[in-house]
Each structure stands twice: as C-alpha cells, then as structure tokens.
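# Observations on chain architecture
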Amino acid sequence: MRSVKTALALGVAALAAAAGSVVTPAAAATPSGDANGKAMTWTLLADGPSGTVQVGGGPLSNPYQGDTATTTALPVLCLRVDGSPAPAGITPGFYAGWARGAVAATNPIRGTRLTSRAVADGVCANNFGTGWRMAEFHDGRYGPNLESSGGWSYWAYGDVPAGTRFWTAINDQPANPWN
C-alpha cells in the first residue's frame, strides 16, 4: 500500500501532466527552498556602557540551518544604522563588532509570516519608523573606520528584552524564516 504522501504526489504529478506540465512525483512532494522549517535566532548577550547592548547567537544559535521552528512566534531584531561611533568601553572586533546604530525588538511574530527579507524589513519599519530594518548576522563592523564586517555578535545602542530569542537574518546561509 502506498503512503498518503506518495499518493498525493502522484496525484499532483498526474494533474500537472494532464494540464501539459511535466512534474515528477519527487518534485511535486518537495516544497521549494529549504524544507527544515527552522530559522536562526539571536538573543541579548550583555548590557554595555552608555546604553549599549550586545546581541548575538549564543550557544543555541545555528546560522547554517536555523535553530528555531518558524512556527514559533518571536520578536524580530531590528536595526537602524545611523553612523553612530562606538562609545568608550566598546572595542569592536570580528566576533563582537559595532553596528553603528541602535537595535530594538518588535512584538512576537510567527516566523512563517516573514516570507521575504522585504517583509521582515517592513515589520521593522512599521514598528519603529523609516530607516529601521531586520538586523543581520554580519552587521557588526570593526577595524580602521569600521570598514570590515564580522559576525556572531555585535554591540549597538538600544534596549531589548533579556531571556528571549529574536528572528535575525543572515545573508549568506539558508537559515532565514523565508528559506
């Protein structure tokens, strides 16, 4: 006896073939994109000087395959880059850069509602105003004139809740809610 999934896939393939399209049962059964249903999240790592916070993945984050089911409702970590210099007491490095602005967190939203980077950026702009967008893994800067991009964590001005995870984008891995 065939499984329901196989029977449905064969049915979809038969309908597509009847309509003039060529679809294999495997293609019909596999959604586009990464099907693991997880996305990367970050958290508050530390409070710093002059109203700064350090945000990053911590030990629970998986920037390669995601770490949290996209059916989970979490805040989106948002960033507004305004060119702010790093305050005294923050020495930017590759693993803990300076984001040159401020971070904030939205109210919780299911990851499945973040269907593209543009949608996620829109959530931030709608919550905090023009210039706000979803924070990204590589937003931390370091080196002379902050010209180099790092990863894993960064410092920014702001106040985000402790003890929660935030949806955070990554531009070079399939670990976003929309993947």
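For the structure, check the block above.
The structure reproduced in this document is the subject of the present report. Source: prediction; values computed, not measured. (Residues numbered from 1 in each chain as written. Predicted model: local features only at pLDDT ≥ 70, side-chain atom pairs only at ≥ 80, totals over all residues. Heavy atoms only, no water.)

## As for the overall build of the protein
The number of helices and strands found in the protein is three helices and 13 strands. Every one of the 179 residues in the protein was classed for burial, and the buried ones make up 39%. Total accessible area on the protein is roughly 9100 Å²; 56% of this is exposed by carbon and sulfur atoms. (Helix = DSSP H or I, 4+ residues; strand = E, 2+ residues; numbered from the N terminus. Buried < 20%, exposed > 50% of the residue type's maximum accessible area, 1.4 Å probe, protein only. Areas by Shrake-Rupley, 256 points an atom, 1.4 Å probe, with all protein chains shown as cover.)

## Quick look at the state of the cysteines
Within the structure shown, the criterion is met by one disulfide. Disulfide pairing places Cys78 opposite Cys124 at an S-S distance of 2.0 Å. Its S-S torsion of approximately -80 degrees makes the covalent link between Cys78 and Cys124 left-handed. In this pair, Cys78 is assigned in strand S6 (residues 77-81) and Cys124 in helix H3 (residues 117-128), connecting sequence segments 46 residues apart. Cys124 gets classed as buried once you look at its relative accessible area, which sits at 0%. (Disulfide = S-S within 2.5 Å.)

## As for the environment of Gln54
Tracing the sequence through the fold places Gln54 in strand S3 (residues 52-56). As a C-alpha pair, Gln54 and Leu44 span 10 residues in sequence and 6.1 Å in three-dimensional space. Not counting residues within four places of it along the chain, the set of residues in contact with Gln54 comprises Thr43, Leu44, Leu45, Ala46, Ala96, Ser153, Tyr154 and Trp155. (Contact = heavy atoms within 4.5 Å.)

## Digging into unusual backbone geometry
Backbone geometry at Asn145 places phi at a positive 55 degrees, although glycine is not the residue there. With respect to the element layout, Asn145 can be found in the loop between strand S10 (141-142) and strand S11 (148-149). Residue classification places Asn145 among the exposed positions, given a relative accessible area of 74%. In this structure, Leu146 is a non-glycine residue whose phi angle is positive, near 50 degrees. One can find Leu146 in the loop between S10 and S11.

## Points about the environment of Thr71
As for its position among the elements, Thr71 is in the loop between strand S4 (68-69) and strand S5 (73-74). Once the C-alpha coordinates of Thr71 and Gly111 are considered, the two residues, 40 residues apart in sequence, prove to be 5.8 Å apart. Not counting residues up to four positions away in its chain, the partners in contact with Thr71 are Arg110 and Thr112.

## A closer look at the packing of aromatic side chains
Going through the model one piece at a time under the given rule, you end up with eight aromatic pairs. Considering the side-chain rings of Phe94 and Tyr142, the 5.9 Å spacing of their centres and the 80 degrees angle between planes classify their relative orientation as edge-to-face. Taken together, the positions of Phe94 in the loop between S6 and strand S7 (97-105) and Tyr142 in strand S10 put the pair 48 residues apart, joining distant regions of the chain. For Phe94, a relative accessible area of 37% gives the class partly exposed. Given the relative accessible area of 23%, Tyr142 is considered partly exposed. Members of the aromatic cluster, joined through ring pairs, are Trp42, Tyr64, Phe137, Trp152 and Tyr154. (Phe/Tyr/Trp six-rings, centres within 6.5 Å; stacked < 30°, edge-to-face > 60°.)

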